[in-house]
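What follows is the residue order along each chain.
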Amino acid sequence: MSAANDASILPILIVPDPVLRKTSRAVTPDDLPFVRELAAKMFATMYKAPGIGLAAPQVGTLLRLVVMDLAPDKMPAPIVLINPEVVAASEEKAAREEGCLSLPEQYADVTRPARVKVKYRDLDWVERSVEGEELLAACLQHEIDHLNGVLFVDYLSSLKRNILLRKLAKEQKEKAKR
Ligand code: NI
C-alpha cells in the first residue's frame, strides 16, 4: 500500500481498525497549516490507491477533512472539503454500487438520497457549497459518513454486511501471508 520512496503516501487504515469508527472533530483556523499539508498527502495517497475520495480518519487523523476527485484520469477536479455538512437532501433515493479504500475490493449497492447540498470550508477558510447528484452525491455522503465513524456496510442488511466483512477478513489474512 505505501511506497517506501514516497513520504507523502500515507498508510490507509483497513476495517476493523477502531479509528475508523470514531467521530472526527471540527477543523479550526489554527489547524489550517497542518490541514494543508495533510490534504496534499491525502491526494497523493488517494491517487496512488487509486480512489476517488478519502477522509482524514482513513489515514488516522480524526479531523473533519475530506479530499475528492471523481474523474482523475479524464477530468481532474480535486476538491478539499473542510467541516463538510449535508444541509439539504432529496426525498428521492438512489442506489449505487460503492466501495471504500478501507474495505479494499469489497463492493455493494447502497441506497441514499439522490441529491444533496453540502456546505464546507476550503483551504482558505472560505465558506462554500456544492450540490450534487449521482456519483458526486453518493461520494459526498460516503465521505462525510467517515467523519462520523460510519461505513457503507452499515447500510446493508446484517447478513450482507457479515458476508462482506468475512470475505474482507479472509482476503486480508491471505494478503498478509504473501
Ligand atoms: Ni470510504
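About the thresholds
Residues numbered from 1 in each chain as written. Predicted model: local features only at pLDDT ≥ 70, side-chain atom pairs only at ≥ 80, totals over all residues. Heavy atoms only, no water. 1 Å grid on protein atoms, 1.4 Å probe; cavity = no way out; pocket = protein on both sides within 12 Å on 5 of 7 lines; lining within 4 Å. Points joined across faces, edges and corners; volume = space filled by probe spheres on them. Helix = DSSP H or I, 4+ residues; strand = E, 2+ residues; numbered from the N terminus. Core = buried A, V, L, I, M, F, W, Y, C linked by side-chain atoms within 4.5 Å. Buried < 20%, exposed > 50% of the residue type's maximum accessible area, 1.4 Å probe, protein only. Contact = heavy atoms within 4.5 Å. Pairing = 2+ DSSP bridges. Donors = N, O, S within 2.8 Å, 3.2 Å for Na, K, Ca; no water.

### Thoughts on the layout of surface pockets
- By volume, the largest pocket is sized at about 700 Å³.
- What lines the largest pocket is a set of 33 residues, and nearest its centre among them are Pro50, Gly51, Ile52, Cys100 and Leu101.
- Within the residue set of the lining of the largest pocket, elements represented by two or more residues are α1 (32–48), β4 (93–100), β5 (103–113) and α2 (134–147).
- Looking at the lining of the largest pocket, the element that brings in the most residues is α2, giving six residues.

### Here's the deal with the nonpolar core
- Counting residues in hydrophobic clusters, the biggest one holds 19 residues, and the most contacted among them are Met42, Leu54, Leu65 and Val67.
- Of all the secondary-structure elements, those providing two or more residues to this core are α1, β2 (65–68) and β3 (79–89).
- It is α1 that contributes the most residues to this core, seven residues altogether.
- What Leu54 contacts, discounting residues up to four positions off in sequence, is Ile12, Met42, Thr45, Met46, Val59, Leu65, Val66, Val67, Leu101 and Glu143.

### Points about the pairing of β3
- Pairing between β2 and β3: four bridges, direction antiparallel. Residue Leu65 lies in a different strand from β3, and its bridge partner there is Ile82.
- Where β3 lies against strand β6 (residues 115–121), five bridges are found, and the strand directions are antiparallel. Note on β6: the bridge partner recorded for Ala88 is Lys117.

### Some words on the coordination of the nickel ion
- For the nickel ion, the protein coordination sphere consists of Cys100 (SG), His142 (NE2) and His146 (NE2), at 2.1 to 2.3 Å.
- Along the chain, the residues donating to the nickel ion are arranged with the sequence spacing C-x41-H-x3-H. Of this pair, Cys100 sits in strand β4 while His146 sits in helix α2; the two residues are 46 residues apart in sequence, bridging distant segments of the chain.
- Exposure remark for His146: the relative accessible area of 2% places this residue in the buried category.

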